[in-house]
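The primary structure of each chain is shown beneath.
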Amino acid sequence: MLYPENCLERLGFNEIRQLIHQHCLSPMGQQMVSKMQVMTKYDQINKFLRQTHEFKSILENQEPLQISTFFDIKTLADKIKVEGTYLVEEELHQMYASLQTVFSVLRFFEERKEVYPNLEALLEHLPVEKNILKRIETVLDPKGKIKPNASTALQTIIGDIAKTEQDVRKRMDSIYKQAVSNNWVADGSLTIRDGRMCIPILAENKRKLKGFIHDESASGQTVYLEPEEVFTMNNKLRDLEFDKRREIIKILIALTTDLRPYTPLLLSYHGFLTKLDFVRAKALFAIDIEADMPVLVKGPVARLINARHPLLYLSFKEDRKTVVPLNVEIKEDLRIVLVSGPNAGGKSVCMKTVGLLQLMLQSGLLIPVHESSEVGIYENIFADIGDDQSIESDLSTYSAHLTKMRYFVAHASPKTLVLIDEFGTGTDPQFGGPMAEAVLEVLNNKKVRGVITTHYSNLKLFAGNTPGLENASMLFDNDRMKPLYVLEVGKPGSSYAFEIAQNIGLQKEVLELARAKTGTNQNRIDSLLVDLEREKKQIYDTKLHLSTQQNKVKNLVAENEKLKLFLDENKKVLIKEAKLEAQAIIKNANKLVENTIAEIKEKQADKTVTKQLRQNLQKVMVQNHVKEEPKPEQSVPLNTPIEVGDWVQLRDSETTGQVLEINRDNLVIALGDLRSVLKKNRVFKISNKQAKKAIQANSYTGSISEAIGNFTAELDLRGMRGDNALHEVEKYLDKSIMLGFPFIKIIHGKGDGILRKLIREYLRKYSQVNRVEDEHADRGGDGITYVYFN
């Protein structure tokens, strides 16, 4: 149950419906979107969600499911039910195109059995009745026109028409030439009047040529005359046209009669296409708002992770802004979240996000949250948002609020979601606060769930001391005096009335007077809340920084592990190859020595030959000689005593460090970012110059050079799923920017353009991206995207 009647409008659901409406291909799909309602049955909601999720997967994976053309088959099926009626060429062509779409979709799912089980359920074992298409193909050509050979009689009539038209033309040309030679013709050529071919004759010569005058010019100087000789032939031609039309109607009636038995099947096809269009539109909208399918549970709970308001997301997307995600939880021991904080800080957006996403989910729509989010089902959704004062009903603003509260209290249950904006406003705060607190206590006793926004201190205090209620606040940056739009559960928030007024520039005397009138205790409470908010902000920033550092450490450890594994594997391979090569050299050397000895013996130790053979041996030795690599310059120990600030090097190692402390025989040494305690006899002192060389030798310049050498500015994403592709793009962009490449090339293929759209929208998030361009049409066109960096 939804209350009040404008609940959907207040939460923005009607706008969601309109956006889905735009994705529909047919009026039938648009009607289904208009009839979309909030459901309360788990199985029904789960089925609709899974159907949309599966269709979204098809679109994101660029599966070859072609759905582009279909029409309202139901109207055509209803028409052919009546005996004696017939479908005209255009209607038959619409039916043919729609059935082609149906059979194409049926074939798609037949080839992928059990891959999309929830969408397959829409098929309802529909048969592929190709006889309908074959029967229409005997009558219509691919453009939807009657074929000349649709029947023998029609073929004969069309032949007679062509022959008669040719005869008329020949005779008309002959008469026209004669009239021209006699100077009877006015300026102009043969023309058509009243569907008949006529000759423009000067009015003064109209008696000189026998025929029938069909028209005359505005001036009356020219008449349009059909020669008598052609008149009979034209009459015959018109009769043939009538015969042709009668024969076509006869053919269409026969075809419609043949299709009449298939009426129930045609209606089934219509229902299938309508549902398919509806699911497709929901899937396309889900892609637009980057929605996903959360974990659906039966109880009245909600655990939203990285939730975004869909309408706000689309609005920000156009302006290339980012929506701050919302994280909120509603469960048995935390039923009502009371949100406080500064004006324009995001309290109402937070409350509306929870309400709108709940309406969308219970209507079978995917919602923009992380897939690990959990969302339950509510039987009632009550909302008090905005001003519903009514002159006709004699209701003031506060009276309208109280009317809703009366209804909420009367009909609330544990499966009710209550959404109230600015609870208790509209009357004197001295009385509005206690009234709101009383309503809140009753609703809490009824175990309702909800999100409520307020500025009242008594409600914050009540929520802090009452089980089932929980304070929450929207974070505020005290330094920059700007809201952060981040929800922090557990503590109430200040309204920052004085701080915001001061930031706006309200006069100092007004602010001082307001502080004096507020009272010491209230000022002290508000100051404490502000301090608490500042501390929470500092803790939040620190946690964020620590999280970033932890991620960096994890990545570095993982990279080191991979590098170690790679080196270990290569070490074994290199040793094996070196051994094999050494064996080959020894084997060849033995052969060469044996051959040399044998030749010396044969030549009986001739000096010239022996010298030549020795030169050959020397030549082979030179070829296999391995040059010694120049040894790195050894650090020369200094004999002076080690002091704080000196540079030292570990014995039997090239590791260098700087002395931070000296404790007797122990040294505290900085080795890069590490601190280590070592004995004096394990190190020796080196000069600053030697230390500088050692640091440069151990820098990562070589790694960067190697990375640049191995990097290719081309990424191929064809065949990848949307999420995987975006993950690869993220890693690739980071590496490209780090290595300083001016541009990169991303190959994503064409397909339906879904992957291209996903990638281009993702690229907008990078401030380093200057522009994106398609490849030249001859070299891939919009199947390839070039990304240029600033």
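None of the values given here were measured: they were computed from a predicted structure.

Describing the overall build of the chain
Next, step 1: Across its full length, the chain carries 24 helices and 24 strands.
Next, step 2: Put simply, the chain has 790 residues, and 40% of those count as buried.
Next, step 3: Residue pairs at least 24 apart in sequence account for 68% of intrachain contacts in the chain once pairs closer than 6 positions are excluded.

Considering the sheet that holds strand 24 (residues 784-789)
Next, step 1: The sheet built from 4 strands is open, its strands ordered 21-22-24-23 with mixed pairing. Two strands in the sheet have a free side with no partner beyond their single neighbour: strand 21 (714-716) and strand 23 (769-774). Each strand of the sheet is rotated relative to its neighbour by a mean of 20°, with strand direction disregarded.
Next, step 2: Strand direction decides the pairing type here: strand 22 (residues 743-747) and strand 24, joined by 5 bridges, are antiparallel. Of the residues in strand 24, the one forming a bridge with Ile746 is Thr785.

Examining the sheet that holds strand 8 (residues 326-330)
Next, step 1: The strand order 6-10-7-8 describes an open sheet built from 4 strands, whose pairing is mixed. Both outer strands of the open sheet, strand 6 (295-296) and strand 8, are each paired with one neighbouring strand and no more.
Next, step 2: Relative to strand 10 (residues 374-375), strand 6 is paired through 2 bridges, and the arrangement is parallel. Bridging from a neighbouring strand, Val295 pairs with Glu374 of strand 10.
Next, step 3: Contacts between helix 13 (residues 347-362) and the sheet are confined to strand 6, strand 7 (302-307), strand 8 and strand 10, with strand 8 contributing the most and set at about 70° to the helix.

Focus on the packing of aromatic side chains
Next, step 1: Taken as a whole and assessed by the stated rule, the structure comprises 14 aromatic pairs.
Next, step 2: Each ring, one from Phe382 and one from Phe408, has its centre 5.2 Å from the other, and the planes form 10°; the classification is stacked. Within this pair, whereas Phe382 is found in strand 11 (residues 380-384), its partner Phe408 is found in helix 14 (residues 397-411), the two being separated by 26 residues in sequence. Here Phe382 matches Phe408 in class, with each residue buried.
Next, step 3: Taken together, the ring pairs connect Tyr3, Phe382, Tyr407 and Phe408 into an aromatic cluster.
Next, step 4: Over the ring of Tyr313 we find Arg308; its NZ or CZ atom is 5.5 Å from the centre of that ring.
Next, step 5: Over the ring of Tyr788 we find Arg771, and its NZ or CZ is 4.1 Å from the ring centre.

Let's talk about unusual backbone geometry
Next, step 1: Cis peptide bonds are those with omega within 30 degrees of zero, and the linkage from Tyr3 to Pro4 qualifies with -5°.
Next, step 2: Tracing the chain through its elements places Pro4 in the loop between strand 1 (2-3) and helix 1 (7-11).
Next, step 3: In this model, Asn306 sits at a positive phi of 55°, which is unusual for a non-glycine residue.
Next, step 4: Tracing the backbone through its elements, the reader meets Asn306 in strand 7.
Next, step 5: According to the relative accessible area criterion, Asn306 is partly exposed, its value standing at 30%.
Next, step 6: The backbone phi angle of Lys447 is positive, close to 65°, even though this residue is not glycine.
Next, step 7: Under the relative-accessibility criterion, Lys447 is labelled partly exposed at 37%.

Thoughts on the environment of Gly468
Next, step 1: Inspection of the secondary structure assignment puts Gly468 in strand 14 (residues 468-477).
Next, step 2: Residue Gly468 is classed as buried on the basis of its relative accessible area of 6%.
Next, step 3: Taking the C-alpha atoms as reference, Gly468 lies 8.8 Å from Lys331; in sequence the two are 137 residues apart.
Next, step 4: Dropping the residues within four chain positions of it, Gly468 is found in contact with Asp333, Leu334, Arg335, Ile336 and Asn444.

Describing the confidence of the model for the chain
Next, step 1: A residue-level look at the chain finds 87% of positions with pLDDT of 70 or above and a mean pLDDT of 83.
Next, step 2: Looking at the elements of the chain, mean pLDDT is at its lowest for helix 22 (residues 701-710), recorded as 54, and at its highest for strand 10, recorded as 96.
Next, step 3: Under a pLDDT of 50 for its full length, residues 389-394 has, in the predicted model, 5 contacts with residues more than four places off or in other chains.

A word on the pattern of salt bridges
Next, step 1: Summed over all chains, the structure comprises 29 salt bridges.
Next, step 2: Where Asp173 meets Arg169, a salt bridge forms, and the shortest distance between an N and an O atom there is 3.8 Å. Note that Asp173 and Arg169 are positioned in helix 9 (residues 152-181) at a spacing of 4 residues, about one turn of the helix.
Next, step 3: Of the residues examined, Arg169 reaches a relative accessible area of 40% and is grouped as partly exposed.

Focus: the packing of helix 2 (residues 13-21) against helix 11 (residues 263-288)
Next, step 1: Contact pair helix 2 / helix 11: the axes reach a minimum separation of 9 Å and the direction vectors enclose 110°. The pairing of helix 2 with helix 11 is recorded here as roughly perpendicular in orientation. Considering only the axes of helix 2 and helix 11, their crossing is right-handed. For the pair helix 2 and helix 11, the contacting residues are Ile16, Leu19 and Ile20 in the first and Ala281, Lys282 and Phe285 in the second.
Next, step 2: Class assignment for the residues of the contact of helix 2 with helix 11 results in 5 nonpolar, no polar and 1 charged.

Some words on helix 9
Next, step 1: Over its 30 residues, helix 9 runs 44 Å from end to end, which matches the ideal 44 Å to within 8%, given 1.5 Å per residue.
Next, step 2: Among the residues making up helix 9, those that are buried are Leu154, Ile157, Ile161, Thr164, Val168, Met172, Ile175, Tyr176 and Ala179.
Next, step 3: Elements that come into contact with the buried residues of helix 9 comprise strand 3 (196-202), strand 5 (222-227) and helix 10 (228-259).
Next, step 4: Positive phi appears at Asn183, one or two residues downstream of helix 9, with a value of about 60°.

Let's talk about the environment of Phe285
Next, step 1: Mapping Phe285 onto the fold places it in helix 11.
Next, step 2: Its relative accessible area of 2% is what places Phe285 among the buried residues.
Next, step 3: With 233 residues separating them along the chain, Phe285 and Thr52 place their C-alpha atoms 10.0 Å apart.

Here is what the cut-offs are and how they apply
- Residues numbered from 1 in each chain as written.
- Predicted model: local features only at pLDDT ≥ 70, side-chain atom pairs only at ≥ 80, totals over all residues.
- Heavy atoms only, no water.
- Helix = DSSP H or I, 4+ residues; strand = E, 2+ residues; numbered from the N terminus.
- Buried < 20%, exposed > 50% of the residue type's maximum accessible area, 1.4 Å probe, protein only.
- Contact = heavy atoms within 4.5 Å.
- Pairing = 2+ DSSP bridges.
- Axes fitted to C-alpha atoms, helices over the stretch in contact; angles between N-to-C directions.
- Phe/Tyr/Trp six-rings, centres within 6.5 Å; stacked < 30°, edge-to-face > 60°.
- Lys NZ or Arg CZ within 6 Å of the ring centre and 35° of its normal.
- pLDDT = per-residue confidence, 0-100.
- Salt bridge = Lys/Arg side-chain N within 4 Å of Asp/Glu carboxyl O.
- Parallel < 35°, antiparallel > 145°, perpendicular 65-115°, else oblique.
- Left-handed = near helix turned anticlockwise from the far one by under 90°.
- Nonpolar A, V, L, I, M, F, W, Y, C, P; charged D, E, K, R; others polar.
- Expected span 1.5 Å × (residues − 1).

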